[in-house]
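Remarks on the overall topology
Each chain is listed here by its residues.
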Amino acid sequence: MDYYSKQISQMIGELSSLPGIGDKSAQRLAFHILHMPEVDVKRLADALVDARHNVRYCSCCQTLTDQDICPICSNPKRDHSTIMVVEDSRDMAAYEKTGEYQGVYHVLHGAISPMQGIGPDDIRLKELMERLSSTEVSEVIVATNSSLEGETTAMYVSRLIKPTGIRVSRIASGVPVGGDLEYIDEVTLLRALEGRRDL
Ligand code: ZN
């Protein structure tokens, strides 16, 4: 991208390194930003930096939050004896949008994938097991995606938890294979939850 000045090229380069942003989108965004009032650009930049600086993992469910314990984990009205295991915070948001699920969550931040060299130690499974040993839990609902990695993770989680005597269930398929939970509509999500079966 030599036909742009150094700083513009650098900006386009940074934007195009983001997921889903190709060269064309990066250029469109860059020129849009360059035409924005400086105060708006500063607000955008500050929002990015502040979020990155302040957001951390909830010390209970591991979701991304700007507090030590996230609002769901610290809500006494939630059913803390039911834990739904999801791959990332976006899946959690998808279930929250339905407004029907009353339990709490555990966010793994990934799924086991031998192909990509992601093993059980690379996702937040240890934290889940520690949580199960220190709190009264009656059911763990495994709501990982229905991709190969999601299914592999579900089997692994179930094998880990079974010996503890805690009920382990898996959301029903009917969720499109390989589909990211966050893209599935609320009705399908609720049906998958209601149709869960024991593992
Ligand atoms: Zn939490």
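Right, let's walk through the structure included here. Computed from a predicted structure; not experimentally measured. (Residues numbered from 1 in each chain as written. Predicted model: local features only at pLDDT ≥ 70, side-chain atom pairs only at ≥ 80, totals over all residues. Heavy atoms only, no water.)

**Describing the nonpolar core**
In terms of nonpolar packing, the biggest core is built from 37 residues, with Met-84, Tyr-95, Leu-128, Leu-132 and Ile-161 touching the most fellow members. Sorting the residues of this core by element identifies strand S3 (79-86), helix H4 (89-98), strand S4 (103-107), helix H5 (125-134), strand S5 (139-142), helix H6 (148-161) and helix H7 (186-194) as the ones contributing at least two each. If one sorts the elements of this core by residue count, S3 sits on top with 4 residues. Here Ile-161 is in contact with Leu-128, Met-129, Leu-132, Val-140, Ile-166 and Val-168, once residues within four sequence places are set aside. Formed by 5 residues, the second largest nonpolar core is a distinct cluster that contains Ile-12, Leu-15, Ala-26 and Ile-33. (Core = buried A, V, L, I, M, F, W, Y, C linked by side-chain atoms within 4.5 Å. Buried < 20%, exposed > 50% of the residue type's maximum accessible area, 1.4 Å probe, protein only. Helix = DSSP H or I, 4+ residues; strand = E, 2+ residues; numbered from the N terminus. Contact = heavy atoms within 4.5 Å.)

**Focus: the coordination of the zinc ion**
In an ideal tetrahedron of four donors about a metal, each angle is 109.5 degrees. In an ideal octahedron of six donors, the angles are 90 or 180 degrees. For the zinc ion, the full set of protein donor atoms is Cys-58 (SG), Cys-61 (SG), Cys-70 (SG) and Cys-73 (SG), and the range of their distances to it is 2.3 to 2.4 Å. Because the angles between the 4 donor atoms bound to the zinc ion fall within 105 to 115°, the donor set is best described as tetrahedral. Counting the intervening residues between successive donors of the zinc ion yields the motif C-x2-C-x8-C-x2-C. Of this pair, Cys-61 sits in the loop between strand S1 (56-57) and strand S2 (64-65) while Cys-73 sits in the loop between S2 and S3, and the two are 12 residues apart along the sequence. Taken as a pair, Cys-61 and Cys-73 share a single burial class, namely buried. (Donors = N, O, S within 2.8 Å, 3.2 Å for Na, K, Ca; no water. Tetrahedral: all angles 85-135°; square planar, octahedral: opposite > 155°, others 65-115°.)

**Side note on the environment of Asn-75**
For Asn-75, the location among the structural elements is in the loop between S2 and S3. In sequence terms Asn-75 and Val-104 are 29 residues apart; their C-alpha atoms lie 9.3 Å from each other.

**Observations concerning the sheet that holds S3**
Spatially, 5 strands are ordered S4-S3-S5-S6-S7 in an open sheet, and the strand pairing comes out mixed. Both outer strands of the open sheet, S4 and strand S7 (197-198), are each paired with one neighbouring strand and no more. As paired elements, strand S6 (residues 167-170) and S7 share 2 bridges and run antiparallel to each other. Across the sheet, the residue bridging to Ser-169 is Asp-198, located in S7. Packing against the sheet, H4 makes contact with S3 and S4, and its axis sits at approximately 160° to S4. (Pairing = 2+ DSSP bridges. Axes fitted to C-alpha atoms, helices over the stretch in contact; angles between N-to-C directions.)

**Some remarks on unusual backbone geometry**
At Gln-62, a position not held by glycine, the phi torsion is positive, near 75°. Tracing the backbone shows Gln-62 in the loop between S1 and S2. On the basis of relative accessible area, Gln-62 is assigned to the buried category, the value being 5%. We note that His-109 has phi near 60°; this positive angle belongs to a residue other than glycine. If you trace the backbone, His-109 turns up in the loop between S4 and H5. Judged by its relative accessible area of 25%, His-109 is partly exposed.

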